[in-house]
Structure formats: structure tokens, C-alpha cells
Amino acid sequence: MPFGLTNSPATFQSLMNDVFKNELRKFVFLFFDDILVYSKDWNNHVEHLRHVFGIAKEALVICKGEQVCLCSSKGRVLGPCDHFRRVAIDLAKIDSMFNWPRPWNLNQLRGF
């Protein structure tokens, strides 16, 4: 999706919400361009993944193979890390915030 277009991120998020509306908060979380599938055990996880991939295929949603992370116990989703059923802050994200250069003019402030 060309993200230079006006409202394309909101349009994409709306599409994803419509496609996965029955699965949201049951075993699927959507974070802008990430689909997080979570399960209590391995067998359920495999079934949930099959279901999610089937829905994506029907909706013609295409995933890039190099961006797919399957069956991981730890993952980064917009900064927070889910590690062994515990949400923790990604320290690399915090560090980048502290090291962000101070804006000295209006254009830099807008960029921040």
C-alpha cells in the first residue's frame, strides 16, 4: 500500500478491522500493520494461525514472508515486548527517545 497517499494508514486499519472483526480480542490483535495471533497452547495456536491465514487469503491480504514471525514466545509490537506472558517495555525504544535530538526550530519541532 502506498503510504504517501492521504488517509491510507487509516483506510488500511479500517480494512483490517473489517476483515478480522470476528476474531478481534479473541485471539487476534491488530496494531496498524501487525497482526498478533495469541493462544493458550500449541494446538490452539496452530488452529488460530490456520484460521487467520485462511481469512487473509479470502480477503486477498498479502504478507511479506521476511516480515512474518511465527510461533515466537517473544515479540515486538509497537515498542512493548511480550515475553513469557508478561508485557515489558522495549528498552531500545526508550533509549532512542532519550537520545532524540532537541528541536531548535519549528520544522524540527513538527518533525518530532
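Just so we're clear, the structure is a prediction, and the values are computed from it rather than from any experiment.

Colleague: What exactly am I supposed to notice about the nonpolar core here?
Modeller: Grouped burial of nonpolar side chains is what soluble globular proteins tend to show. In this structure, M16, F20, F27, V28, L30, V37 and V52 are the most contacted members of the largest nonpolar core, which totals 13 residues. When contributions to this core are tallied by element, the ones reaching two or more residues are α1 (8-19), β1 (28-31) and α2 (42-58). Looking at which element gives the most residues to this core, the answer is α2, with four residues.

Colleague: I tried to follow α2 on my own but got confused; where do I start?
Modeller: Each α-helix winds once per 3.6 residues, and so residues spaced three or four apart point in a common direction. Between its first and last C-alpha, α2 extends 24 Å over 17 residues, near the 24 Å set by a 1.5 Å rise per residue. Among all positions in α2, only H45, H48, L49, V52, I55 and A56 are buried. Along the axis of α2, the buried residues cluster in a sector spanning 130 degrees; they form a single face. Looking at α2, the residues exposed on the side facing more than 90 degrees away from the buried face are N43, R50, K57 and E58. Tucked inside the fold, the buried residues of α2 contact α1, β1 and β2 (34-37). Measuring from the backbone nitrogen of N43 back to the side-chain oxygen at the start of α2 gives 3.4 Å, which picks out D41 as the cap. Within two residues after α2, L60 carries a phi angle of roughly 60 degrees, on the positive side.

Rules of the game
- Residues numbered from 1 in each chain as written.
- Predicted model: local features only at pLDDT ≥ 70, side-chain atom pairs only at ≥ 80, totals over all residues.
- Heavy atoms only, no water.
- Core = buried A, V, L, I, M, F, W, Y, C linked by side-chain atoms within 4.5 Å.
- Buried < 20%, exposed > 50% of the residue type's maximum accessible area, 1.4 Å probe, protein only.
- Helix = DSSP H or I, 4+ residues; strand = E, 2+ residues; numbered from the N terminus.
- Expected span 1.5 Å × (residues − 1).
- Arc of directions from axis to C-beta.
- Contact = heavy atoms within 4.5 Å.
- Polar contact = N/O pair within 3.5 Å; in protein donor to acceptor, adjacent residues only side chain to side chain.

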